[in-house]
Amino acid sequence: MDINKENEDENKTLDKKQIEAEEKEVMLKVEEANINPAELKADEGPVKTALSGDLTEQGREVKPKFIPIGAIKMPGFFTKNSDKDKSKDEEAAIEKDTDHEKSDESTQVKEPRFQFFNKMKKFLNHSEDGEDKEERKKGGLFNLKYPKVFQKNETDNAEITLASMETLDDKLDTTNDGMETVKLESPETEEGKVVTALPLRERIRQRKFIVDDIMVCIIVLLVMLAVIIAIVVGARAGPPIERPLRLGRFITTFTSCGPVEGVLDEGVYKFYSIPYAVPPVGQRRFTYAQPLNNISHCWNDTLNARRKGPLCLQFLENVTITGDENCLTLDVVTPHVRYDTPLPVVVLIGANSLTGGISPAQPSALYARTKEVVFVRPNFRLGPFGFLALDVLSNSRYPAISGNYGLSDLLAALQWVQLNIKHFGGDPDSVTLLGHRAGATLTAALTTVSQAQKLYSRVWLSSPSVIFPGEPLEQSQKLNDRFKPMTKCNDAECLRRISTTQILTPDIWLESNMGDLPKLNEPRHTLLVLDGELLRIHAYDTWKEAKLSGKEKAFKPIVFGTTQHSSQSVLLMKKYLKWAPNIVEKVVNDSVIGEKNLTSSVFTHVNKSYEGLVELISSIRTLCPLVSLARMRLEVPLYVVMGTGAGGGKGGSGIANVNADIEAILGTFDSEKPEQRRFMSAMQHLFYYYVWDGHLPGPESSLMQVGQDVLPLNGIPLCDLLIKEDIVPRYAHID
C-alpha cells in the first residue's frame, strides 16, 4: 500500500498537490475550531476562498460544491491541465452550477433519502463528449456507460477529481452542510446530448431519433421476421409435399397392397398395370371379381408399374383376338403425387362393344397436366369371360347366379380408387365416371347397383345403349345353351379347364347392329343379365321408382351425350363406291322404315345422301333413344355433337362420328380447321367444368347442341316421328 501511495504521489501534478494541501489544512482547522467552513476568509488560499462562499465574482456568489467520485459526493474542484484555461473553466463551472442550484436544492428536499442513487444514475447515464459516443457505439446492444474515473484518460481535456475520506464522513454525519454537487460534465451542451437525454416517448413525439432507436427497431423487425419464418416452417413440417424421384425419373407411392413405382413422362406421373383384384384364372374363372383384401394376394417388394400390361381377352373389329386372361389391372396418370391439394378423378370406362374393341377413352398426359385431373383406366373382362351366363355355372355356387363378371370388375376397381387414389394425388370424394359406348352402357348399369352408390360422385355417358338387361337369368341362360356343344363342356369344372381359344367363339359373340338400319325380327342378344345380385330390376324401373317416390336426387348427377353421326363406319362408307340418292332411298325402303311406309316422311327431315343416311341410322340406334330416356324418364341434360363443328375430320366432311366428343375431351381430336378447334374448346369447357363443379356451366338445359359453341336445342322433329311410330327405342343398338 505504501508503494502504491508513493506511485500515486509521483504521478500527481503540482496543481493537484497544492489543492490537496489546502484541503487538508482547511479540514484540520475545521476540526480543531469546530467552525463553519463558510467563515474562513479568502486569504486562506484559492481552494479555501472557494469554500468560504463569501467572495463574489461579477456580483454572483460562489458556493461550495461536492464532486462525486465513485458515486460519493465530496467537495473539490476539477481543473484543467493548463493554467491558461483554468480561469475560463472555473467561470463556466460557476455559471453552470448557478443555473442548476435551484433544481439540485429541490431534489434534495423532495427526495433526501434517494439523492445518492439519483446522482449515481445521472452520472452513469451522462455522456460528455464525442468520445463517449464512440465508446457507446462500441458498447454493443446495451450501451453500458462507465464513470470517467474508471476509464483511461486519453484526451488533453481529462478531468481530475479529488476527494478525501474525511469529507465522506462529514457528509454522512450531516444532511445539509451547505455544499453542493459539482457535475463532471463539460459546460458546453451539444444538440445530440439533449436528444439522448429525452425520454423515448418525447423523442417519438418530436420525431427526433438516435442511432440506438434505429438499431432497436431493426432488431425487433429481425426478431419478428425470424418468428414468422419459424411459424411457416413449422406449419409445413412433416412429410414432403411431392414425393422424391429416384434417378430423376422414377417415383414410388403406396397402395393398400404394397408400394408401386411409376415413371415421370411428358410432365406427368404414369403408373401402369396396378392390380386391383385377384387374377380371375383357374377356379376364379367365371366368378365375380375378388378385391385384394388378403395379404397373401399382395407383393413384398416395390411393384414395377413403369410398363403397360396386357389388355383383357377380347375381339377386335377385324375379328382378331388380343389380350390376356390375367388382366384385372388399372393405369393411373396424375400431374402430382402429393397429399395437400387432391385433384378430381376421372375414371375412363371404354369399350367399343361388350365383346371388345380398343376405345379412344385413354388417359391423356397433356390434359392431366393442363386440366389438373387424375385419370384412371381400369381393365375389365369382356366377351364370354365377362358376361357368360350358363346354368352349369350358376349351379356351381350359392346363390345360383352367373354372368355380369365384367360389371363386378368395375365395382372392384371403384373400391380400389376409394382406398388408394389419395396416394396418387386424387380426391376420393370427387370421382367422375366417363363411359364411352359399351363402357357407357356398363356405367349406366352401375348407377343402379346399390353397392356402387358411394364410390363415385357424378357420371358422364357418351353414346351408351339404352337397351339395358330386361331378361331374367333363366332366359339368358337358355339363349347361351348353344355354347355348350361348341366347347364340349357340361359342367363348370370343364369350362374352367379348357383353353381360352375354345371359349372365344366368334359366331356367337360378334353380333353388332349399330351401323345398319333395323329390320323386322332382327336377332337381339343382350349380354348383361338380371342376375339377382348386382342387377335386380331393369334400369328403367329403377329410375321410374325413384322419380315416383321423390328420391330421384338419391342418384348422382348424370349427363348423356352422343354425336349426330354416331353410326358412321368405314364398312358402311365403302359399301358403295358412290352413295347416289336412289341408292340411299333403296336402303331406307328395305328397312323397317319402308315396311312401315315412313320413307317419304323420313326424307322430310334428312336428305338423300350418305350423311343423311348415317344421321337416320344414328337417330334410330342411339340419339333418339337417349332423347327418350334423358328427356322423358330421367330429366337430365343431353348434348348432341353436330357435324357443323365436329365434321371435316376423320371419316369424311361434315361427319361427327361416334368418337368425336371423347376425342375432343381427351385432346386426340383431329382439329385442323378453325371451327373444329372451336368445337374442341367448347367440348372441353363443358366436360371439365362438370368435373370440377359437379354441374354444367351456364343455365341448365335438358337438350343442347355442341358445334362451334354450346347452344340450347329446342327439339328434334325426327326423333318425335320415330318415337311416335314405335321405332324408338325398340330398335336401339345393343352393346
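Residues numbered from 1 in each chain as written. Predicted model: local features only at pLDDT ≥ 70, side-chain atom pairs only at ≥ 80, totals over all residues. Heavy atoms only, no water.

Glancing now at the nonpolar core. Most often, soluble globular proteins have nonpolar side chains that are buried together. Core analysis: the largest hydrophobic core is formed by 130 residues, its most contacted members being F271 and F560. With 13 residues, the single largest contributor to this core is helix 27 (residues 610-634). The residues touching F271, leaving out its near neighbours within four places in the chain, are I251, T253, V260, E261, G262, A305, L330, D331, V332, T334, V337 and F424. Grouped together as the second largest cluster of nonpolar side chains are 35 residues, V346, L666, M683 and L686 included. (Core = buried A, V, L, I, M, F, W, Y, C linked by side-chain atoms within 4.5 Å. Buried < 20%, exposed > 50% of the residue type's maximum accessible area, 1.4 Å probe, protein only. Helix = DSSP H or I, 4+ residues; strand = E, 2+ residues; numbered from the N terminus. Contact = heavy atoms within 4.5 Å.)

The next point concerns the packing of aromatic side chains. A full pass over the atoms with the stated rule returns 13 aromatic pairs. When the centroid spacing of 6.3 Å and the interplanar angle of 15 degrees are considered together, the rings of Y367 and Y688 count as stacked. Of the two residues, Y367 sits in helix 12 (residues 365-370) while Y688 sits in helix 30 (residues 674-693), which places them 321 residues apart along the sequence. Each member of the pair, Y367 together with Y688, is buried. Here F687 and Y688 contribute two aromatic rings whose centre-to-centre distance is 5.0 Å and whose plane-to-plane angle is 80 degrees, an arrangement assigned as edge-to-face. Of the two residues, F687 and Y688, neither departs from the other in class, the shared state being buried. (Phe/Tyr/Trp six-rings, centres within 6.5 Å; stacked < 30°, edge-to-face > 60°.)

Once that is clear, we can look at the pattern of salt bridges. Counted by the stated rule, this structure contains 16 salt bridges. When the shortest N-O distance is used, the salt bridge between D391 and K484 registers 2.9 Å. Of this pair, D391 sits in helix 14 (residues 391-394) while K484 is found in helix 18 (residues 483-487), placing the two residues 93 residues apart along the sequence. With a closest N to O distance of 3.7 Å, D481 and K484 form a salt bridge. Classification of D481 as partly exposed rests on a relative accessible area of 31%. A relative accessible area of 17% means that K484 is categorised as buried. A single salt-bridge network, built from bridges that share partners, covers R246, E261 and R306. (Salt bridge = Lys/Arg side-chain N within 4 Å of Asp/Glu carboxyl O.)

For helix 30, which comprises 20 residues, the first-to-last C-alpha distance of 28 Å matches the rise-based estimate of 28 Å (1.5 Å per residue) to within 8%. Regarding helix 30, the residues found buried are Q676, F679, M680, A682, M683, Q684, L686, F687, Y688, Y690 and V691. Downstream of helix 30 by a residue or two, G694 has a phi angle that is positive, lying close to 85 degrees. (Expected span 1.5 Å × (residues − 1).)

What follows concerns the environment of K454. Along the polypeptide, K454 turns up in the loop between helix 16 (438-446) and strand 17 (458-462). With 36 residues separating them along the chain, K454 and Q418 place their C-alpha atoms 9.2 Å apart. Setting aside its immediate chain neighbours within four residues, K454 contacts Q418 and K556.

Further remarks concern the confidence of the model for the chain. The predicted model of the chain has a mean per-residue pLDDT of 79, with 71% of residues at 70 or higher. Predicted confidence is poor over residues 100-114, with pLDDT under 50, and the contacts of this stretch with residues over four places away or in other chains come to eleven contacts. Across residues 127-177 the pLDDT falls below 50, and counting only partners more than four positions away or on other chains, this stretch makes 66 contacts in the model. (pLDDT = per-residue confidence, 0-100.)

Here we come to a nonpolar patch on the surface. A contiguous nonpolar surface patch, about 1,100 Å² in accessible area, is contributed by L200, I204, F209, V211, I214, M215, I218, I219, L222, V223, V227 and I231. Secondary structure elements with two or more residues in the nonpolar patch: helix 10 (200-206) and helix 11 (211-235). A total of nine residues in the nonpolar patch trace back to one element, the largest contributor, which is helix 11. Residue placement: I231 occurs in helix 11. (Patch = residues over 30% accessible without salt bridge, like charges linked within 9 Å, V, L, I, M, F, W, Y side chains within 5 Å. Areas by Shrake-Rupley, 256 points an atom, 1.4 Å probe, with all protein chains shown as cover.)

What follows deals with the packing of helix 15 (residues 405-420) against helix 16. Packing of helix 15 against helix 16 leaves a shortest axis separation of 10 Å and a crossing angle of 70 degrees. As the angle between them shows, helix 15 and helix 16 are arranged roughly perpendicular. Here helix 15 contributes L407, L410 and L414 to the contact with helix 16, which in turn contributes L442, A445 and L446. Grouping the constituent residues of the contact of helix 15 with helix 16 by class yields six nonpolar, no polar and no charged. (Axes fitted to C-alpha atoms, helices over the stretch in contact; angles between N-to-C directions. Parallel < 35°, antiparallel > 145°, perpendicular 65-115°, else oblique. Nonpolar A, V, L, I, M, F, W, Y, C, P; charged D, E, K, R; others polar.)

Before going further, it helps to examine the state of the cysteines. On inspection of all chains with the given rule, the structure shows four disulfides. With a sulfur-sulfur separation of 1.6 Å, C257 is cross-linked through a disulfide to C298. Disulfide C257 to C298: torsion about the S-S bond roughly -100 degrees, handedness left-handed. Note that C257 is positioned in the loop between strand 7 (250-255) and strand 8 (258-265) and C298 in the loop between strand 9 (268-275) and strand 10 (303-304), a separation of 41 residues in sequence. Owing to a relative accessible area of 22%, C298 belongs among the partly exposed residues under this scheme. What pairs with C624 in a disulfide is C719, and their sulfur atoms sit 2.0 Å apart. Its S-S torsion of approximately -80 degrees makes the covalent link between C624 and C719 left-handed. (Disulfide = S-S within 2.5 Å.)

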